[in-house]
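Observations on the model geometry
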Amino acid sequence: MYDANQEQTSTSPFSQPIAERIWQAKYRYITAGQVVDHTVQDTWARVAHGLTSIEAPSDQAATNAAFLAAMRDFKVLPGGRILSGCGTKRNVTLSNTFVMRTIPDSVDGIMDTLKEAALTMQMGGGIGFDFSTIRPTGTHVHGLDCLAAGPLAAMDIFDTTCKMIVKGMGRGAMMATMRCDHPDIEAFIVAKSDRTRLRNFNLSVMVTDAFMSAVTNDDTWDLIWDGTVMRRLRARDLWNTIMKQTFSSAEPGVLFIDRINAQNPLRYLETISATNSCAEQPLPPYGTCPLASVNLAQLILAPFTPDARLDVAQLRNLVRVTVRMLDNTLDVSRYALDAQREQAQNQRRIGIGVTGVANAIAMLGARYGSAKAVFLLGSWMQTIQNAAYQASALLAKERGVFPQYDADAHMAGSNIQNLDPEVRELVRMHGLRNGTLTTIAPTGTISMFAGNVSSGIEPIFSTSFSRVVTNPGGSKSSERVMDFAAWQFSQMHGAETPLPNSFVTAGDLSPQDHVAMQAAAQKWVDSGISKTVNCPENIAFDDFKTIYRAAYDTGCKGCTTYRPNNVTGSVLSL
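A few points on the structure. Every value quoted in this text rests on a predicted model; they were computed, and no experiment measured them.

So, on to a nonpolar patch on the surface. On the surface, Val-107, Met-111, Leu-144 and Ile-157 cluster together into a nonpolar patch covering about 390 Å² of accessible area. With respect to the helices, strands and loops of the structure, Met-111 is situated in helix α5 (residues 107–122). Classification of Met-111 as partly exposed rests on a relative accessible area of 40%.

Bringing the sheet that holds strand β5 (residues 126–130) into the picture now. On the basis of which strands lie adjacent, the open sheet formed by seven strands has the order β15-β4-β5-β8-β9-β12-β23 and mixed pairing. Of all the strands in the sheet, the pair left with one neighbour each is β15 (288–289) and β23 (558–559). Here β5 pairs with strand β8 (residues 174–179) via four bridges, running parallel. Bridged to Ile-127 within β8 is Met-174. Packing of α5 onto the sheet brings it into contact with β4 (97–99), β5 and β8, and relative to β5 it is tilted by some 160 degrees.

With respect to the helices and strands, Thr-161 occurs in helix α6 (residues 151–166). Judged by its relative accessible area of 14%, Thr-161 falls in the buried class. Dropping the residues within four chain positions of it, Thr-161 is found in contact with Leu-114 and Ala-118.

This brings us to the packing of helix α14 (residues 371–399) against helix α20 (residues 511–522). The description of two packed helices rests on the angle between their axes and on the distance between the axes. Contact pair α14 / α20: the axes reach a minimum separation of 8 Å and the direction vectors enclose 25 degrees. By the angle between their axes, α14 is roughly parallel relative to α20. You can see that α14 and α20 cross each other, and the crossing is right-handed. Here α14 contributes Ala-373, Val-374, Leu-377, Gly-378 and Met-381 to the contact with α20, which in turn contributes Ala-516, Met-517, Ala-520 and Ala-521.

Residues Phe-129, Phe-131, Phe-201, Phe-211, Trp-239, Leu-296 and Phe-449 are the most contacted members of the largest nonpolar core, which totals 159 residues. With 12 residues, α14 is the largest single contributor of residues to this core. Setting aside residues up to four positions removed in sequence, Trp-239 forms contacts with Val-207, Phe-211, Met-212, Val-215, Val-254 and Tyr-548. Within the second largest apolar cluster, seven residues are counted, among which are Met-175, Met-206, Leu-255 and Ile-257.

Counted under the stated rule, the structure contains 24 salt bridges. A salt bridge links Glu-270 to Arg-349; the nearest nitrogen and oxygen atoms lie 2.5 Å apart. Here Glu-270 is found in the loop between α10 (257–262) and β13 (274–275), whereas its partner Arg-349 is found in the loop between α12 (338–347) and β19 (351–355), with 79 residues between them in sequence. On the accessibility criterion, Glu-270 (11% relative accessible area) is buried. Accessibility expressed as a relative area gives 2% for Arg-349, which makes it buried. Close ionic contact of Lys-545 with Asp-542 constitutes a salt bridge, the shortest N to O distance being 3.9 Å. Of this pair, Lys-545 and Asp-542 both sit in helix α21 (residues 541–553), three residues apart, which is roughly one turn of that helix.

Our next topic: the environment of Arg-101. Within the secondary structure layout, Arg-101 lies in the loop between β4 and α5. Sequence separation between Arg-101 and Ala-274 is 173 residues, and the spatial gap between their C-alpha atoms is 9.8 Å. What Arg-101 contacts, discounting residues up to four positions off in sequence, is Gly-109, Asp-112, Thr-113, Glu-116, Pro-285 and Tyr-286. Side-chain polar atoms of Arg-101 contact the backbone oxygen of Gly-109, separated by 3.3 Å.

All of the buried residues along helix α1 (residues 17–27) are Ile-18, Ala-19, Ile-22, Trp-23 and Tyr-27. Summarising the axial view, the buried residues of α1 lie within an arc of 145 degrees, below the 170-degree limit, and thus occupy one face. Among the exposed residues of α1, those oriented more than 90 degrees off its buried face are Pro-17 and Ala-25. Structurally, α1 contributes buried residues whose contacts are with α2 (40–52), α4 (80–85), α18 (444–449), β20 (464–470) and β21 (476–482).

Rules and cut-offs
- Residues numbered from 1 in each chain as written.
- Predicted model: local features only at pLDDT ≥ 70, side-chain atom pairs only at ≥ 80, totals over all residues.
- Heavy atoms only, no water.
- Patch = residues over 30% accessible without salt bridge, like charges linked within 9 Å, V, L, I, M, F, W, Y side chains within 5 Å.
- Areas by Shrake-Rupley, 256 points an atom, 1.4 Å probe, with all protein chains shown as cover.
- Salt bridge = Lys/Arg side-chain N within 4 Å of Asp/Glu carboxyl O.
- Helix = DSSP H or I, 4+ residues; strand = E, 2+ residues; numbered from the N terminus.
- Buried < 20%, exposed > 50% of the residue type's maximum accessible area, 1.4 Å probe, protein only.
- Pairing = 2+ DSSP bridges.
- Contact = heavy atoms within 4.5 Å.
- Axes fitted to C-alpha atoms, helices over the stretch in contact; angles between N-to-C directions.
- Parallel < 35°, antiparallel > 145°, perpendicular 65-115°, else oblique.
- Left-handed = near helix turned anticlockwise from the far one by under 90°.
- Core = buried A, V, L, I, M, F, W, Y, C linked by side-chain atoms within 4.5 Å.
- Polar contact = N/O pair within 3.5 Å; in protein donor to acceptor, adjacent residues only side chain to side chain.
- Arc of directions from axis to C-beta.

This is the structure we're talking about:
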């Protein structure tokens, strides 16, 4: 069934101490004091065996070998929930990403949603909510004859609950979204100005095309509840409120929600109004999606030489195997709620992404953000998109299409129209096993696990840096880490040899370089992209605002920036 690539042996698979440290803390299976995973190879074997368990007996050996070969040498990195939970007896979900149900505008509805969220967080899922459905502060509650506390009061309760559940396990992972026409939008935008408030939430404003047009034309903008205009203000004033807040504290992010919905392959089934905690996965109510990333840094042949190239054939094969891995994950995973399981089965969303992009680009002698790098990333993502759709079509032939598949509606989407003709024809013939296929997650921890490859499509932060690590029990320590590509170059040429000019870091880049890379990838990604546009501390405010306009104009689905500030601090330091 698969070409299970030849095994590569290594007495020490970890290139750096922090990689083994992360495996020990996050992914190694030890239960009741008994060590199950003695080596990282045992972890891969456990995951492969767990994901293969639903295969037909005649296919299990070959499929297991293919899954194991894909993970070996960190070529395919399943999401952290899969690495830590698959093949264990732990009552955890294998998906990092969830969006909760539409929140009813009632005390019962809010508290029921909170309970469902708590159960999901308890099983390890990161979650997103749309708080636009809760009536604004000060509106009348007829049944109680009082004034409503508003959505931010509900967010405070959710934040406290998350803090309680994840205590001792690190910071919670939640996303709160609100529409740009909700009457409480201004309070939402500045909510995290208080450094102690909503620490377990990321915030994003859902910006519509109509709003962007109103900003451009300097029109007024209506804040609406239940069909009634509650307040009217200048669109540019609201836009500037968003910009000033994110300029000073890196939040809220912006989601171009109309584009998210227009380009959603499942737009004929749903309207999206929330994302997972890192925004790469827009999802419907009760939606979920398991993740995995292909490590491009491990696919470069003859790195740092004139003959350097990416092994495209291996990339296609890895994507093909990963589609099956994640499709199996949907059936193996536990779910906190029956509604989540039902949604997962009905749409069979999966999210294949990439990591090590900046390392791969440096190994090829290109500069991140350059025209060549933009071309390379676009071509790699096009290859991945076509390979994923081809694999899902063949899987549909074998196992059947996802239950809510509508051939005519799905084929009409831009995602299908962008595919190579032969892949498009394959989809037409067999349909698709999976409702969505591609995404780009942040991959921070799994990238460190893989030897500190550059995370997702982010640039190299630094060729060598200190990382603040949270130890068991909550104490902090600092550890020196070297970038994977820089480490590999030093292994080849000696530690004293200067790095090539292709090694540019986040501090060397303009915001436009970041946006160009995000836009190049987005054309070939079904879902969203977790990407931060790093800005110099001294960037002028008017220049800062152009970043968001550029992201909108170049086809991105959202924009998140980071400018060094006193509110958020930094996990990494030079």
